[in-house]
Amino acid sequence: MKEEISLKSRARLAPRNRSYFGKRTPLIPRFLSLLGYCEVARRGAALLFANDVDSRILHARFGVLVYTTVYLVETFLALCLHWISLQGVHMQHMYEHHLTGLGLGLALSLHILINSDSWDDLLVDLCHLPLSVGLLAHSCEACCVVRTFLPHSLQNHFVIKLVQRFLGAVCMLSLSVSIIIVFVRYVSEYYNGGLSLTELFIVPLALYLGEYLHPLYLRSHLRAMIRLVNDKSKRSS
């Protein structure tokens, strides 16, 4: 009797669970999303190690463009079709992170378009590090998509999950630290008593992601790493 009730409860919860966790994005758009995340991360690495000003500007502009495009497509697929390309990610993450990230990307793209010369100067002097780290951090998203192409036995392998959690923790910590540093510098060295229309979106969205949401994700990654190690040690003993 109890088993029958349990099965009925699961049946009632199934539609909501499917809505919460979404559906796996079909193969071709998921592969294109993987290429997009990899390109964003590649642009971040290239920007981080670029020595001359022209290379930094080039990688920054293309990085923001690709980032915004990927987030636009991924957010549309998630919100409209409930398709999610990332392993272990649910709809709440798409709302609180990708939708906000899309807003930030659109504001950055518009800001670059309107304030081309001042943006280039600001990038070289102030935004080089946080933008590099922000783009490079999408290697974590790329790993999440890669896991969906692996056999089921490898998707949840201890080493793969631990590496992804470690990478996520490093990315979240780096982003939070770099954003607070650049924000303090911006207020002390660049703020002139007003914000442009695009900056009214960029500043609060960047602070929300870097100083509220990413620390929460950092704590989640650390807790998951500890849980993984503890479970592994219990099974070994």
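See the structure shown above.
Described below are features of the structure shown in this document.

About the criteria used
The residue count restarts for each chain, going from 1 along the sequence in the order it is written. Local features are withheld for residues below a pLDDT of 70 in this predicted model, meaning they are given only at 70 or higher, and side-chain atom pairs are given and counted only at 80 or more; totals for whole chains, interfaces and linings count all residues. Each side-chain value is derived from all of the structure's non-hydrogen atoms; neither hydrogens nor water enter the calculation. To get an axis, fit a line to the C-alpha atoms, keeping to the stretch in contact for a helix; angles then go from 0 to 180 degrees between the N-to-C directions. Where helices and strands are cited, they refer to DSSP runs of H or I of at least four residues and of E of at least two residues respectively, numbered from the N terminus. A clockwise turn of the near helix away from the far one marks a right-handed crossing, whereas an anticlockwise turn of less than a right angle marks a left-handed crossing. Whether two residues touch is decided by their heavy atoms; if any such pair falls within 4.5 Å, the residues are in contact. Relative accessibility under 20% of the residue-type maximum defines a buried residue, over 50% an exposed one, and the middle range a partly exposed one, all with a 1.4 Å probe and only protein chains included. Think of a nonpolar core as a cluster: buried Ala, Val, Leu, Ile, Met, Phe, Trp, Tyr and Cys residues, connected wherever their side-chain atoms sit within 4.5 Å. Angle categories: roughly parallel below 35 degrees, roughly antiparallel above 145, roughly perpendicular from 65 to 115, and oblique for all the rest. Classification of ring pairs uses Phe, Tyr and Trp, with its six-membered ring standing for Trp, and accepts pairs whose centres are within 6.5 Å; under 30 degrees between planes counts as stacked, over 60 as edge-to-face, and the remaining range as tilted. Over a ring means this: the NZ of a Lys or the CZ of an Arg is within 6 Å of the ring centre and within 35 degrees of the ring normal.

## Description of the packing of helix 4 (residues 91-114) against helix 9 (residues 197-236)
Point 1. Between helix 4 and helix 9, whose axes approach to 9 Å, the crossing angle comes to 145°. Of the two possible hands of crossing, helix 4 and helix 9 adopt the one that is left-handed. For the pair formed by helix 4 and helix 9, the contact residues are His93, Glu96, His97, Thr100, Gly101, Gly103, Leu104, Ala107, Leu108, Leu110, His111 and Ile114 on the first element and Thr198, Glu199, Phe201, Ile202, Leu205, Ala206, Tyr208, Leu209, Leu213, His214 and Tyr217 on the second.

## Here's the deal with the environment of alanine 50
Point 1. Note on placement: alanine 50 falls in the loop between helix 2 (27-49) and helix 3 (53-81).
Point 2. Given the relative accessible area of 9%, alanine 50 is considered buried.
Point 3. Setting aside its immediate chain neighbours within four residues, alanine 50 contacts Ser55, Arg56 and His59.

## Description of the nonpolar core
Grouped burial of nonpolar side chains is what soluble globular proteins tend to show.
Point 1. Membership of the largest hydrophobic core comes to 47 residues, with the highest contact counts inside it found for Tyr37, Leu86, Leu123 and Leu131.
Point 2. Once you skip the residues sitting within four places of it in the chain, tyrosine 37 turns out to touch Val70, Tyr71, Glu74, Leu86, His98, His138, Glu141, Ala142 and Val145.

## A word on unusual backbone geometry
Point 1. Phi at histidine 82 is positive, roughly 60°, even though this residue is not glycine.
Point 2. You can see histidine 82 is positioned in the loop between helix 3 and strand 2 (83-84).
Point 3. Take histidine 82: its relative accessible area is 25%, and that puts it in the partly exposed class.

## Regarding the environment of leucine 167
Point 1. Residue placement: leucine 167 occurs in helix 8 (residues 158-190).
Point 2. Leucine 167 gets classed as partly exposed once you look at its relative accessible area, which sits at 23%.
Point 3. On a C-alpha basis, the gap between leucine 167 and cysteine 140 in space is 6.3 Å, while along the polypeptide they are 27 residues apart.
Point 4. Once residues lying within four places of it in the same chain are set aside, the contact partners of leucine 167 are Ser139, Cys140 and Cys143.

## Brief notes about the packing of helix 2 against helix 6 (residues 139-148)
Point 1. Close contact between helix 2 and helix 6 brings their axes to 8 Å; oriented N to C, the two are set at 155°. Judged by the inter-axis angle, helix 2 sits roughly antiparallel to helix 6. Crossing angle aside, the handedness with which helix 2 passes helix 6 is left-handed. Within the contact between the two elements, helix 2 uses Arg30, Leu34, Tyr37, Cys38 and Ala41 and helix 6 uses Ser139, Glu141, Ala142, Val145, Val146 and Thr148.

## So, the packing of aromatic side chains
Point 1. On inspection of all chains with the given rule, the structure shows 3 aromatic pairs.
Point 2. Both rings, one in phenylalanine 31 and one in phenylalanine 149, keep their centres 6.5 Å apart while their planes meet at 90°; by these two values the pair is edge-to-face. Linking phenylalanine 31 in helix 2 with phenylalanine 149 in the loop between helix 6 and helix 7 (152-155), this pair joins segments that are 118 residues apart in sequence.
Point 3. Given a relative accessible area of 41%, phenylalanine 31 falls into the partly exposed group.
Point 4. Judged by its relative accessible area of 32%, phenylalanine 149 falls in the partly exposed class.
Point 5. Judged by centre distance (4.5 Å) and plane angle (40°), the rings of tyrosine 67 and tyrosine 71 are tilted. Taken together, the positions of tyrosine 67 and tyrosine 71, both in helix 3 and 4 residues apart, correspond to about one turn of that helix. Judged on exposure class, the residue tyrosine 67 and its partner tyrosine 71 are both buried.
Point 6. Over the face of the ring belonging to phenylalanine 149 we find arginine 30, whose NZ or CZ atom lies 4.8 Å from the ring centre.

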